[in-house]
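Structural overview for review
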Amino acid sequence: MLPGAVVHVVPNAVDVDYWRDGIASPDEVALPDVPTFLAVNRLAPRKRPMGLLDVLAEVRAASDLPFQARIVGAGPLEKRMRTWIDHHGMHDVVRLTGGVSRPDVRRMCHNADLFLAPAYQESFGIAALEGRAAGLPVLAMSSGGVGEFVQDGVDGILCADDHAMVRAMVRLLKDRDEWLRMARHNHHVPPDYGWSRTLGGFLKAYEAAESHSLADWY
């Protein structure tokens, strides 16, 4: 980078209106007796789906409160995950859906209660942003890019590691008030990561570049 160069950061975006189409109004949001956790990601090592299974097993062992988990996606770890579920007897808790269509992901977001993002090295987290746009509180690792659009304790919870994620999930199962507060906030306040902001960011960057002559870059 040249000394004195100005850096413009343009954020990623999703179609916020699409993901919010059909969600309940904030005052209609309620938590069922058996809440549903949702994860949407490729079943590959970097996304840590095996780590997520361990987290879910620890949550079940640490709490007698029931929950369901749906893991959406396909990838090289799918067979290993199914074997793990068989071995640990988690069929009553965890279901792998395989790859599904975009409308089906939206429907599942609208029918879930919490979005899980277990990856430590998530550059941004488009799937988590889609879940946030659909009104779900997001539980994610603080080391990844999800913190760009999730404020800890407001839109969701940012966790340092798997142990912290287990503690947060157990706490939410016991403290429905905290969970409901975040869910109602997310149903009321859309994330500011729509395409108009991103396109405006690109336009600003191009205008800044255009205002300099080529001589300024050498």
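Everything that follows concerns the structure shown earlier in this document.
Residues numbered from 1 in each chain as written. Predicted model: local features only at pLDDT ≥ 70, side-chain atom pairs only at ≥ 80, totals over all residues. Heavy atoms only, no water.

Observations concerning the overall build of the chain
- Helix and strand content of the chain: eight helices and six strands.
- Looking at the chain residue by residue over its 218 residues, the buried ones come to 47%.
- When contacts within the chain are restricted to residue pairs at least 6 apart in sequence, long-range pairs at least 24 apart make up 74% of them.
- Surface exposure of the chain reaches about 11,400 Å², of which carbon and sulfur atoms provide 53%. (Helix = DSSP H or I, 4+ residues; strand = E, 2+ residues; numbered from the N terminus. Buried < 20%, exposed > 50% of the residue type's maximum accessible area, 1.4 Å probe, protein only. Contact = heavy atoms within 4.5 Å. Areas by Shrake-Rupley, 256 points an atom, 1.4 Å probe, with all protein chains shown as cover.)

Remarks on the pattern of salt bridges
- Across all of its chains, the model carries seven salt bridges by this definition.
- Close ionic contact of R107 with D104 constitutes a salt bridge, the shortest N to O distance being 3.7 Å. Highlighted residues: R107 and D104, both in helix α4 (residues 102–111), separated by three residues, approximately one helical turn.
- For R171, the salt bridge goes to E178, with nearest N and O atoms at 3.0 Å. (Salt bridge = Lys/Arg side-chain N within 4 Å of Asp/Glu carboxyl O.)

Thoughts on the sheet that holds strand β4 (residues 114–117)
- Pairing within the open sheet is parallel, and its six strands lie in the order β3-β2-β1-β4-β5-β6. Each edge of the open sheet is held by one strand with a lone partner, namely β3 (94–98) and β6 (156–159). Within the sheet, the average angular offset between the axes of one strand and its neighbour, ignoring direction, is 20°.
- As paired strands, strand β5 (residues 138–141) and β6 are joined by four bridges and run parallel to one another. Bridge assignment links V138 to a residue of β6, and that residue is G156.
- Sitting on the sheet, helix α3 (residues 78–88) touches β2 (68–72) and β3, and the angle it makes with β3 is about 160°.
- The strands touched by helix α5 (residues 126–133) within the sheet are β1 (36–40), β4 and β5, with β4 carrying the most contacts at an inclination of about 170°. (Pairing = 2+ DSSP bridges. Axes fitted to C-alpha atoms, helices over the stretch in contact; angles between N-to-C directions.)

Some details on the pairing of β3
- Only one face of β3 is buried, namely the one carrying V94, L96 and G98, since none of R95 and T97 on the opposite face is buried.
- Note: β2 against β3, four bridges, orientation parallel. Across the sheet, the residue bridging to V72 is G98, located in β3.
- The handedness of the β2 to β3 crossover, carried by α3, is right-handed. (Right-handed = clockwise from strand over helix to strand, strands pointing away.)

Regarding unusual backbone geometry
- Within the chain, R48 stands out as a residue other than glycine whose phi angle is a positive 60°.
- Structurally, R48 can be placed in the loop between β1 and α2 (49–62).

Overview of the side chain of E178
- By the secondary structure assignment, E178 is in helix α7 (residues 176–188).
- Looking at E178, the relative accessible area reads 14%, which means it is buried.
- Contact partners of E178, with chain neighbours within four places excluded, come to I157, R171 and L172.

Observations regarding the packing of aromatic side chains
- Using the criterion set out here, one finds three aromatic pairs in the structure.
- With a centroid separation of 6.0 Å and 35° between ring planes, the pair formed by F37 and W179 is classed as tilted. Of this pair, F37 sits in strand β1 while W179 is found in helix α7, placing the two residues 142 residues apart along the sequence.
- The class for F37 is buried, based on a relative accessible area of 1%.
- One aromatic cluster is present, built from ring pairs that chain together F37, F67 and W179. (Phe/Tyr/Trp six-rings, centres within 6.5 Å; stacked < 30°, edge-to-face > 60°.)

A look at α4
- Regarding α4, the residues found buried are V105, R106, M108 and C109. One side of α4 holds all its buried residues, which, seen down the axis, span an arc of 165°.
- Those residues of α4 that are buried are in contact with α1 (16–20), β1, β2, β3 and α5. (Arc of directions from axis to C-beta.)

Brief notes about the nonpolar core
- Within the largest apolar cluster, 36 residues are counted, with the highest numbers of intra-cluster contacts made by F37, L56, I71, V94, L116, L139 and M169.
- Broken down by element, the residue count for this core peaks at eight residues, all from helix α6 (residues 162–174).
- Ignoring any residue separated from it by four or fewer positions in sequence, one finds L56 in contact with F37, F67, A69, I71, M90, V94, L116 and M169.
- Core analysis: the next-biggest nonpolar cluster, separate from the first, contains 24 residues, L38, V40, A117 and F149 among them. (Core = buried A, V, L, I, M, F, W, Y, C linked by side-chain atoms within 4.5 Å.)

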